[in-house]
Amino acid sequence: MLCAETLRVQAYFDGELDALSGVDIERHNEACAECRSLLKQLAEVRTALRQDRRYMIVSPALRARILRKLDEESTRKGALPIGTRRTKWRPHPFWRGAFTGIGGTAIAAGVAFFLTVPPRSNSVSDDLVSAHVRSLMPDHLIDVVSTDKHTVKPWFAGHVDVSPVVADFAPQGYRLVGGRADYFDRQRVAAVVYSHGLHVINVFSWAADGRGVPTNTTRDGYHLAFWKMGDLVYCAVSDTAWDELLELTRLLQDLSAHDNPPMARAAP
């Protein structure tokens, strides 16, 4: 019998589960060999589809020969004895060949599109946008409500895997609202929430790895500004203007540099 969580495992692989459901599936997979095997098979299929993108282009001469043979075959099969009435209209062999070529080209183009375009659900940027949009739902924005960094920053201890930079920049127009724990890319991350006018800005932070820092981008109308400080990667997400979002990132980076100045080298 198949495991009862098989469908949810497939949804997890496609990035269709929310953060809490994703955590449940990962815990389930630790004890379920069948689901671990399913995930491995799905990953192998995806890798094979992305790598094997070869296709043959038929030369004009060979295409003409194939169409000519098809026309000859259709002519032989289409010949009827004298006095026999056709019961169904058949397209002329030339047009049938033309439509066949167009249909084949369309199918090939469609297959190539789906194989070459990577699924967006695997993108860190898409996960961040989803987390930002999810936070805008009622009662999802913050777990700890405070404008005091000495209240927000200690709260993250024990709730997430990192200790982010937290500050209130109300005089500059970026008011600290609070913070919450979030989950994406298979780790618990911190989200520090700011308000800027009518806009909400989520500043996510997580442990850096060998993949490097993504480049700034825009997804679904939301701007994402990435940077790295120490062993943490940060990303500010909001629908506010680019210059306003980048100003907050500058304030946070300046604060981090001030609080953690580089160590002076000892004189030789």
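Conventions and cut-offs
- Residues numbered from 1 in each chain as written.
- Predicted model: local features only at pLDDT ≥ 70, side-chain atom pairs only at ≥ 80, totals over all residues.
- Heavy atoms only, no water.
- Phe/Tyr/Trp six-rings, centres within 6.5 Å; stacked < 30°, edge-to-face > 60°.
- Buried < 20%, exposed > 50% of the residue type's maximum accessible area, 1.4 Å probe, protein only.
- Helix = DSSP H or I, 4+ residues; strand = E, 2+ residues; numbered from the N terminus.
- Patch = residues over 30% accessible without salt bridge, like charges linked within 9 Å, V, L, I, M, F, W, Y side chains within 5 Å.
- Areas by Shrake-Rupley, 256 points an atom, 1.4 Å probe, with all protein chains shown as cover.
- Salt bridge = Lys/Arg side-chain N within 4 Å of Asp/Glu carboxyl O.

Peer 1: Any chance you could explain the packing of aromatic side chains here in plain terms?
Peer 2: What characterises a pair of aromatic rings is the spacing of the ring centres plus the angle enclosed by the ring planes. Taken as a whole, this structure holds 2 aromatic pairs when the rule is applied. Where Trp227 meets Tyr234, the ring centres are 5.3 Å apart and the plane angle is 10°; that geometry is what we call stacked. Accessibility classification places Trp227 together with Tyr234 in one group, the buried group.

Peer 1: I would appreciate a short explanation of the environment of Ala157 in the present structure.
Peer 2: Considering the arrangement of structural elements, one finds Ala157 in the loop between helix H7 (149-156) and strand S2 (175-184). As for Ala157 and Ala190, which are separated by 33 residues in sequence, their C-alpha atoms are 10.0 Å apart.

Peer 1: How should helix H1 (residues 6-13) be read in this particular structure?
Peer 2: An α-helical turn contains 3.6 residues, so any two residues separated by three or four positions project in the same direction. Listed as buried for H1 are Thr6, Val9, Ala11, Tyr12 and Phe13. One or two positions beyond H1, positive phi appears at Gly15, with a value near 75°.

Peer 1: Quick question: what am I supposed to make of a nonpolar patch on the surface here?
Peer 2: Together, Leu62, Ile66, Leu67 and Leu70 make up an exposed nonpolar region whose accessible area comes to about 310 Å². In this structure, Leu70 sits in helix H4 (residues 60-78). Overall, the relative accessible area of 44% leaves Leu70 in the partly exposed class.

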